[in-house]
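# Inside the fold
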Amino acid sequence: MPDVNMPRLSDTMEEGTITRWLKQPGDKVKKGEVVAEVETDKANMEIESFSAGILEQILVVEGETAPIGQPIAIIGTGANVQQAGAKAAATPQAQQAVAVTAAAPEPASATSTPAPVSNGNQNGLIKSSPLARRMAEEHGIELTQLKGSGPGGRIVRDDIEDYLEQQRTMTAPAPAAAPTPAPVAVPAVKAATPTPVALAEDDEVVSLSSMQKTIARRLTESKQLVPHFYIGNDIDLTDALGMRQKLNASVGEGGVKISVNDLIVKACALALEKFPEVNSSYRDGQFILHKHINIGIAVDVPGGLLVPVIRDANLKGLRTLAREAKALIAKAQAGKLTPTDLDGGTFSISNLGMMDVSDFNAVINPPQSAILAVAASRKTFVPVDNQPVLRDIMHVTLSADHRILYGATVARYLQEVKRLLQNIYLLLG
Amino acid sequence: MTSTHYDVAVIGAGPGGYVAAIRAAQQGAKVAIVEKQYMGGTCLNVGCIPSKAMLHVAETLHQLASIEDLGITLPQPPVFNMKKAVSFKDKVVKRMTGGVSSLMKANNIDVFDGLGTVDISKTVTVTKNGEQQQFSADKVILATGSVPLIPPMPGVDGDKIMNSDTCWNLSKTPESLICVGGGVIGIELACMFNALGTQVTVIEMLPNILAPVDEEVRKLLVRILSKRGINIVTGTKVESIADENGQKKVVTSTDKGQQEFYGEYVLMAVSRRANIAGLDKLIEQGLDTDRGRVRVNDKLETNLPGIYAIGDLIHGAGLAHVASTEGEIAADNAIGHSATMNYEVVPNPIYTFPEIAFVGLTEAAAREKYSDIRVERFPWAAIGKAVAIDETEGFTKVIIGKYGEFLGAHIIGPDATNLISEYSLAMRGELTVEEVSETIHPHPTLSEGLREAVLAVEGRPLHIGPKQKQVARAR
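Keep in mind the model is a prediction, meaning the values are calculated, not measured.

With that out of the way, let us pick up the overall build of chain B. Of regular secondary structure, chain B possesses 14 helices and 24 strands. By the burial criterion, 53% of the 475 residues in chain B qualify as buried. Carbon and sulfur atoms make up 51% of the accessible area of chain B, which totals about 21500 Å².

Here it is as structure tokens:
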């Protein structure tokens, strides 16, 4: 009876794609055992079973996507164990066959809407809390549509709230959609695309991964909703590069080397202490100032982009920053970031310096209000006492949310970043 | 007996640590626990348990003041012997800590006596009187608790200055006492000493004592304590402590200027800080801390793999029962489950006379968070059992959300700390007012008051008239 549901693995997750089943129908499953791997908008994660028993049926096959809360497999326990277990034991072949047919691409299309799997409602009783029932009544929700996350599959307040939230996000982009809750989120997303691109015969169509879908949605939202403005500055990195070389020369085998980006993270974080308004979010007519300074660093990963977060970067020394950044980048590239690694950023840095970029503008990562785009540092002749001197000059551009931030503030913030990087010992404080 | 490798090592045998050890051992893990001072930690030795024993003594003495009304005549004032009371308290503590030791034995948990230090490789070194023992563990649960925070100020290390660790073994009742800090610990101790016959002054820096308590409840308590002779001074900062004419002199400041208070003893009850003795090495190796406490995620994992932290060592309520729950969760995770902490429903007991207990949001917090709430109260004066035991001060107050759910509940009155569990259960089980009002509550008991408060939300309290209800509201 208990099902394995698509869990909410991060704050922004709405759906997940099954990448691999580690258990097959007929297999024994222990509580807490990993049954499947799933790709979410942010990371590849594992799904653990909340109950023990025998995996009876896989409802969402590899490569398919399911919204959070939807059952993806059924595990037999209690009174059903014997029956289900016996069935599985008696006809493992048949069970396998079912799974294989289900894996065929066709039946997954929107026409064959998977019937909501009946959980406890064969006997007319649904495990649910009184509060969940009251809320469901108020909002006209059929409890049979929901899967409970409480003890023993009990439907609790969180499940109703998740469902309402899911309804809201699903209907928002396509208000014309029928009020009946579509159990499959994918068609709704497709329907929301305003003008389909005309396809030429030799065009190749590649489906977006869930991470790419999330990037597409969030960045569209950002560019459409957040009035960006951009302020640039040139920063003389000569001294910073010199110090970095000295610091790294003494680090020895196995030590963590400090990158230019680590210096920039530290400088941005310290400058945010001085300009707390830049470390902020806009929310429904409110200006939210964040206490913690958590810096997101954009990391290039195969098929997308991830922004893991270094928490309290202003409080950490350069070595700690470097160690954490290195670990996060490695995790990002290995697809092993956890939602905790990705949540809570208050400011981001996108550095394309290593690709010899001379200048670029980054898109703000909501709900943050600013992002710094870092270009390459180049040997440039600059006038010092009216004489041309060769210095390492790096161009940076800050994108900021004009709903809450204004030109002068952002310009002064950037000046402070510049002052810190040009007086590099200040970063050691 | 002892081994060199364990599945789980727990550092600290307080209510967080020993519970974690039992939970891990119950599920088959080989467990070691290290304790530097006393089994049961602060809770059993200098916290919850001894304070409740002494509060019991104080409360009994307090009740004797009005015993004439019950037709019993005793010499007034009754003769009180502090030394005997302390030895009663010691017996209680001994029995409880002995209980923890036998629980460890019964669960085959190896107990190491000494200061445990841990490094990133999860090697635990136990030091006792200069001798060292070492063992390794797959998982480590840090549960080193907290110690009283003594703020630096002139004279704070002087004579006759106690804190919540050191105030339990007095040979006689102090004449007078100045309690620095009006938080839960300060007010409980102030209440206790007052009942034992000490003239008590409480000095609190914030505008109110008992900051986390619902305003209405707090106001009633302040009125009761003031009536009883406890001098409560708020919005006042202690600057220094000195000796003058054989008394302690406490110099304070407010916006209006300086003031001096005199007393036989000073009790420092400002706050507590995490006890990080033994964690220096881990912190040096990168253990993530935040304002003096260890940082963890909702699985209670620190940033170092395989190392967990619980209880007062991490940020949170600083309550023994929260530490114990965290111990259970950390132990489950340490042996391979995936459990997360839920802090939504944490009951808070406060052992004043009368007692206070609350769970969930205060009225002010609920109003800030929700636009649609209902708040009702029911006075103990209208409950038969409360009248019969002559404890009619106070009320039960419930804060109900738009679906009839419990957002918060606050009780001030007899046995509040026991009664609150009904509301905790209602909140955790997501019951609404209906389930509570439809439940038969036994008569004559105090629990009837809990149902009456809920009936009041439904507009139909039984044992109070519409006019009286107005009075109850105005309190």
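So, on to unusual backbone geometry. The omega torsion across Pro 366 of chain A and Pro 367 of chain A is 5 degrees, close enough to zero to call that bond cis. Within the secondary structure, Pro 367 of chain A is located in the loop between strand 16 (347-351) and strand 17 (370-384). For the bond running from Phe 353 of chain B to Pro 354 of chain B, omega is 0 degrees, close enough to zero to count as cis. When you line up the elements, Pro 354 of chain B lands in the loop between strand 20 (348-350) and strand 21 (355-360).

All right, on to the side chain of Ser 240 of chain B then. Residue and element names in this part refer to chain B. Following the sequence through the fold, Ser 240 ends up in strand 12 (residues 237-244). Assessed through its relative accessible area of 18%, Ser 240 is described here as buried. Beyond its immediate stretch of four places on either side in the chain, Ser 240 contacts Met 153, Pro 154, Lys 249, Val 250 and Val 251.

Right, let's get into the UniProt feature "binding site: FAD" (unreviewed entry) in chain B. All names here are of chain B. Per the UniProt annotation, the sites labelled "binding site: FAD" (unreviewed entry) are Lys 52, Gly 116, Thr 144, Gly 145, Ser 146 and Asp 312. Overall, the relative accessible area of 15% leaves Thr 144 in the buried class. Sequence-distant contacts of Thr 144, that is, excluding residues within four places in its chain, are made with Ile 11, Asn 275, Leu 279 and Leu 313. A polar atom in the side chain of Thr 144 sits 2.7 Å from the backbone oxygen of Asn 275. Position of Asp 312 among the secondary structure elements: in the loop between strand 19 (307-309) and helix 8 (320-334). Within the structure, the side chain of Asp 312 is placed 2.7 Å from the side chain of Ser 146, a separation counted as a polar contact.

Right, let's get into the packing of aromatic side chains. Scanning the model with the defined rule gives 6 aromatic pairs over all chains in all. Both rings, one in Tyr 6 of chain B and one in Phe 112 of chain B, keep their centres 6.0 Å apart while their planes meet at 90 degrees; by these two values the pair is edge-to-face. One end of the pair, Tyr 6 of chain B, is in strand 1 (residues 5-11); the other, Phe 112 of chain B, is in strand 3 (residues 110-113), and 106 residues separate them in sequence. Phe 112 of chain B carries the same exposure label as Tyr 6 of chain B, and that label is buried. Plain terms: the ring middles of Tyr 6 of chain B and Phe 135 of chain B are 5.1 Å apart, the flat faces sit at 75 degrees to each other, and that makes the pair edge-to-face. Of this pair, Tyr 6 of chain B sits in strand 1 while Phe 135 of chain B sits in strand 6 (residues 131-142), and the two are 129 residues apart along the sequence. Assessed through its relative accessible area of 0%, Tyr 6 of chain B is described here as buried. What makes Phe 135 of chain B buried here is its relative accessible area of 2%. The rings of Phe 275, Phe 347 and Tyr 413 of chain A are connected pair by pair, giving a single aromatic cluster. Positioned over the ring face of Tyr 265 of chain B is Lys 160 of chain B, at 5.2 Å from the centre of the ring.

Glancing now at the pairing of strand 10 (residues 199-203) of chain B. Of all 5 residues that make up strand 10 of chain B, 4 are buried, and the element is covered over most of its length. Read as a crossover between parallel neighbours, the route from strand 10 of chain B over helix 6 (residues 215-227) of chain B to strand 11 (residues 231-233) of chain B is right-handed.

The subject of this paragraph is the sheet that holds strand 12 of chain B. Sheet strands associate in pairs through backbone hydrogen bonding, adopting either a parallel or an antiparallel arrangement. Residue and element names in this part refer to chain B. In space, the 3 strands of this open sheet follow the order 12-13-14, with antiparallel pairing throughout. Each edge of the sheet is formed by a strand with only one pairing partner; in this case those strands are strand 12 and strand 14 (257-263). Within this sheet the neighbouring strands show an average axis-to-axis angle of 25 degrees, counted without direction. Sheet topology note: the strand 12/strand 13 (residues 247-254) ladder contains 7 bridges and is antiparallel.

Right, let's talk about the interface of chain B and chain A for a bit. Facing 16 residues of chain B, the contacting portion of chain A comprises 17 residues. Here chain B packs against chain A, burying approximately 1500 Å² in sum over the two surfaces, 46% of which is carbon and sulfur. It is Arg 295, Tyr 403 and Glu 430 of chain B that lose the most area in chain B upon contact with chain A, and together they represent 44% of the buried surface on that side. Counting across the chain B and chain A interface gives 3 salt bridges. As a salt-bridge pair, Glu 434 of chain B and Arg 134 of chain A come within 2.9 Å of each other at their nearest N and O atoms. At the surface where chain B touches chain A, the tally comes to 9 residue pairs in polar contact (both at pLDDT 80 or more). Looking at the side of chain B that touches chain A, its residues break down into 2 nonpolar, 6 polar and 8 charged.

With that settled, the discussion passes to the packing of helix 3 (residues 48-64) of chain B against helix 4 (residues 82-106) of chain B. Residue and element names in this part refer to chain B. Where helix 3 contacts helix 4, the two axes come as close as 9 Å, and the packing angle between them is 140 degrees. Handedness of the helix 3/helix 4 crossing: right-handed. Contact residues: Ile 49, Pro 50, Ala 53, Met 54, His 56 and Val 57 in helix 3; Met 82, Ala 85, Phe 88, Lys 89, Val 92, Val 93 and Met 96 in helix 4. Counted by class, the contact of helix 3 with helix 4 contains 11 nonpolar, 1 polar and 1 charged residues.

Criteria and thresholds
Residues numbered from 1 in each chain as written. Chains lettered and ligands numbered in written order. Predicted model: local features only at pLDDT ≥ 70, side-chain atom pairs only at ≥ 80, totals over all residues. Heavy atoms only, no water. Helix = DSSP H or I, 4+ residues; strand = E, 2+ residues; numbered from the N terminus. Buried < 20%, exposed > 50% of the residue type's maximum accessible area, 1.4 Å probe, protein only. Areas by Shrake-Rupley, 256 points an atom, 1.4 Å probe, with all protein chains shown as cover. Contact = heavy atoms within 4.5 Å. UniProt positions renumbered as here; feature names shortened; annotations may be inferred. Polar contact = N/O pair within 3.5 Å; in protein donor to acceptor, adjacent residues only side chain to side chain. Phe/Tyr/Trp six-rings, centres within 6.5 Å; stacked < 30°, edge-to-face > 60°. Lys NZ or Arg CZ within 6 Å of the ring centre and 35° of its normal. Right-handed = clockwise from strand over helix to strand, strands pointing away. Pairing = 2+ DSSP bridges. Axes fitted to C-alpha atoms, helices over the stretch in contact; angles between N-to-C directions. Buried area = accessible area lost by both parts, 1.4 Å probe. Salt bridge = Lys/Arg side-chain N within 4 Å of Asp/Glu carboxyl O. Nonpolar A, V, L, I, M, F, W, Y, C, P; charged D, E, K, R; others polar. Left-handed = near helix turned anticlockwise from the far one by under 90°.

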